[in-house]
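# Observations on the model geometry
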Number of protein chains: 2
Amino acid sequence: MPALIDAIRRYYGTIGVELEPDDVLITTGGSEALLLTCLSILDPYTEVIVPEPYYPNYTTFVHAAGGRIRALPTRAEEGYRYADRKRIESLITKNTRAILITNPGNPTGVVLTEEEMRMIADIAKKHDLFLICDEVYREFCYDDKFGVPSMGKFRDIDNNLVIVDSVSKRFSACGARVGCVVTKNRELQQALLKFCQSRLSVATIDQIGAAALYGVDPGFFRECKAEYRQRRDLVVSRLRQIPGVQVEEPMGAFYLMASLPVDDADKFQKWLLESYDDHGDTVMFAPGAPFYETPGMGINEVRIAYVRECAELERAMELLAGGIARYRSEVMGE
Amino acid sequence: MPALIDAIRRYYGTIGVELEPDDVLITTGGSEALLLTCLSILDPYTEVIVPEPYYPNYTTFVHAAGGRIRALPTRAEEGYRYADRKRIESLITKNTRAILITNPGNPTGVVLTEEEMRMIADIAKKHDLFLICDEVYREFCYDDKFGVPSMGKFRDIDNNLVIVDSVSKRFSACGARVGCVVTKNRELQQALLKFCQSRLSVATIDQIGAAALYGVDPGFFRECKAEYRQRRDLVVSRLRQIPGVQVEEPMGAFYLMASLPVDDADKFQKWLLESYDDHGDTVMFAPGAPFYETPGMGINEVRIAYVRECAELERAMELLAGGIARYRSEVMGE
């Protein structure tokens, strides 16, 4: 829809990325943007390098295209930072087609520095790889030094870069299912267009609504970010008060990964749902293992989404603290 | 969305097909229903038998999953009917995974008789193949003997059958992008569910609207059908008045295929757009070749969609008649 493409181009202009109309393909959410990108660039047995932990649905999109994920390991004690040139390059093989990153990161909240972004862009360029950058959390960076980061400003990687984007997080409009692929690679544009034409269109009303959303006052983003920063600070400070919990302060998005002093976060979650009860309440998180490709990783880690209001998060952290204590004594026998 | 699944189940009840909630997976239009079905059941180099001419986007969905189309040839002079047991079985190989049909058919308007439906169901059952039946035009059968046909009533093929459905044609709501896959095969349900979960959801507002559409008065379908029947009758009678045009009366959907007395329908279409002008008007159709997998087929055929009002169709047929006469004299030199 031209009105939506125009709105997206104007928005990208405000973050320093100039786009032509053909550079934007509207998709049914960031999810379809990723699926169509994978179907366009992967053949069976080709590989995509992805820092782990990562958004688990990436696996489905890569596998749907017959591809494989080569996980780039990170460490909780390093705050899950992955921008290490040697580690990344050591994973590149003749089958590698792309590096896929989320910046700011889900589930870790890692935000790349300007130098790290440039270094990863250089790797993609040097090895002639696609760099798929999922930037749907771009507005949510809690240190002002990051601004509103996009790989799109590195014009020397125009042929490598594929930006995955969406209105879901930017405007809290995940039910609209409106996203886009942004790329200046003409050959890829043509391949993506074939898939887009085969499924005809993205829902019409939602495209009209999304185009209107791009007209919101910039104050909206400032308020959102201030609110999420408050939630992050609250959750991190409460987690640090729970004995045995390890957590690094996330710099962006609205998630964090934490290690809990439990044997198995999945088992602990089931116990919380089935056996724990504090005045009728319990608490849920996302167990960490599914965010890893490497077997055995993330067993005692969890992803916490700080997307509820502060009062609810306060109560959730209280329930988590109580739950950990009781689980350790009743189930782990400590 | 439970309200939409309930509405779809009630609707299927009215056409004699009893569904459980798990039998229905909501998709972003019939297009996604087809793509996810192909991704779920096909491996590289496996084959799908499809009567040609067929909806060209089937090719993209099958190829996206690495599969191949084995075209089942039909003949214009037989009205493109394809329900021939020997011809179908002769195409089955060890790589065949599915038979894919559209009933009523796009682009041919062919509607299977009860006996033909049963015979195709028997082939799928005997050879343990999936039968993917695109039934999005189910309401548009112009002979009352067909009723509102669905393969879903043959309960002995529950494990083979995959129905592709959509609100696009039923309620003239193609911009909503709401469809579904209907299958009782539990293993396939699980595979489809993984893809559905990976892309999270179909657009929310559109699901709410689609659920409401299923509550329309049955009189709506009677009026629609009467209107389309009138359009079909008009277009067929006008086409038969054009010398050299061959057309069989389509029994369903809102398309027909016709052979024109021109050398190349694609070339003729370009000429109509660039060089023909009758009081400022010209006419467009879909050239036939892209509806065929077999090279060289459909060169002088066209698909006509009788989706405009009768007065516009009358004028379109007048323009086509005039265009054919002038093209034959000016371009073909006859």
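Higher on the page you've got the structure.
Now for a description of the structure that goes with this document. (Residues numbered from 1 in each chain as written. Chains lettered and ligands numbered in written order. Predicted model: local features only at pLDDT ≥ 70, side-chain atom pairs only at ≥ 80, totals over all residues. Heavy atoms only, no water.)

### Regarding the sheet that holds strand β11 (residues 301-305) of chain B
Residue and element names in this part refer to chain B. For clarity, the threshold we go by: Two strands qualify as a pair provided that DSSP identifies no fewer than 2 bridges between them. Working definition: helices are DSSP H or I runs of at least four residues, strands are E runs of at least two. Numbering for both runs from the N terminus.
If you walk across this open sheet you meet the four strands as β8-β9-β11-β10, and the pairing is antiparallel. Edge strands, defined here as strands with exactly one partner in the open sheet, are β8 (246-247) and β10 (286-287). Strand direction decides the pairing type here: strand β9 (residues 255-259) and β11, joined by five bridges, are antiparallel. Residue pairing for β11: L256 is matched across the bridge by I304.

### A look at the pairing of β11(B)
Residues and elements named next belong to chain B. This is how it is decided: Each residue is assigned to one of three classes by its accessible area relative to the maximum for its type, calculated with a 1.4 Å probe on protein chains only: buried under 20%, partly exposed between the two thresholds, exposed over 50%.
The buried fraction of β11 amounts to four of the five residues, a majority that puts the element mostly inside the structure. By the bridge criterion, two bridges tie β10 to β11 in an arrangement that is antiparallel. Note on β11: the bridge partner recorded for A286 is R303.

### As for the relation of the copies chain A and chain B
The test is simple: Copy-to-copy alignment: least squares on C-alpha atoms, limited to residues at pLDDT 70 or above in both. We call two residues contacting when some pair of their heavy atoms lies within 4.5 Å.
If you rotate chain A by 180° and push it 0.0 Å along the axis, it lands on chain B with an RMSD of 0.0 Å. In symmetry terms, the pair is related by a two-fold rotation axis. Looking at chain A, 100% of its interface residues are interface residues in chain B too, so the copies touch through the same face.

### With respect to the sheet that holds strand β10 (residues 286-287) of chain A
Hydrogen bonds along the backbone pair up the strands of a sheet, which may run parallel or antiparallel. Residues and elements named next belong to chain A. Taken together, the four strands give an open sheet; going across it, the order is β8-β9-β11-β10, and neighbouring strands pair in antiparallel fashion. For this open sheet the edge positions go to β8 (246-247) and β10, each flanked by a neighbour on one side alone. Bridge analysis of β8 against strand β9 (residues 255-259) gives two bridges, and the strand direction is antiparallel. By the bridge assignment, Q246 is partnered in β9 with S259.

### What to know about the interface of chain A and chain B
Just so we agree on the cut-off: When two parts are put together, the accessible area they lose, computed with a 1.4 Å probe and summed over both, is reported as buried area. Salt bridge, as applied in this entry: a Lys or Arg side-chain nitrogen positioned within 4 Å of an Asp or Glu carboxyl oxygen. We define a polar contact as two N or O atoms separated by no more than 3.5 Å, with the added condition that, inside protein, one atom must be a possible hydrogen donor and the other a possible acceptor, whereas residues neighbouring each other in sequence contribute only through side-chain atom pairs.
Facing 24 residues of chain A, the contacting portion of chain B comprises 24 residues. For the chain A and chain B pair, buried surface summed over both sides reaches about 1800 Å², with 62% attributable to carbon and sulfur atoms. Considering only the surface of chain A that becomes buried against chain B, A:R177, A:S198 and A:L200 emerge as the three largest contributors, covering 25% of it. Linking chain A with chain B are zero salt bridges, by the criterion used here. Taken together, the links from chain A to chain B amount to eight residue pairs in polar contact (both at pLDDT 80 or more).

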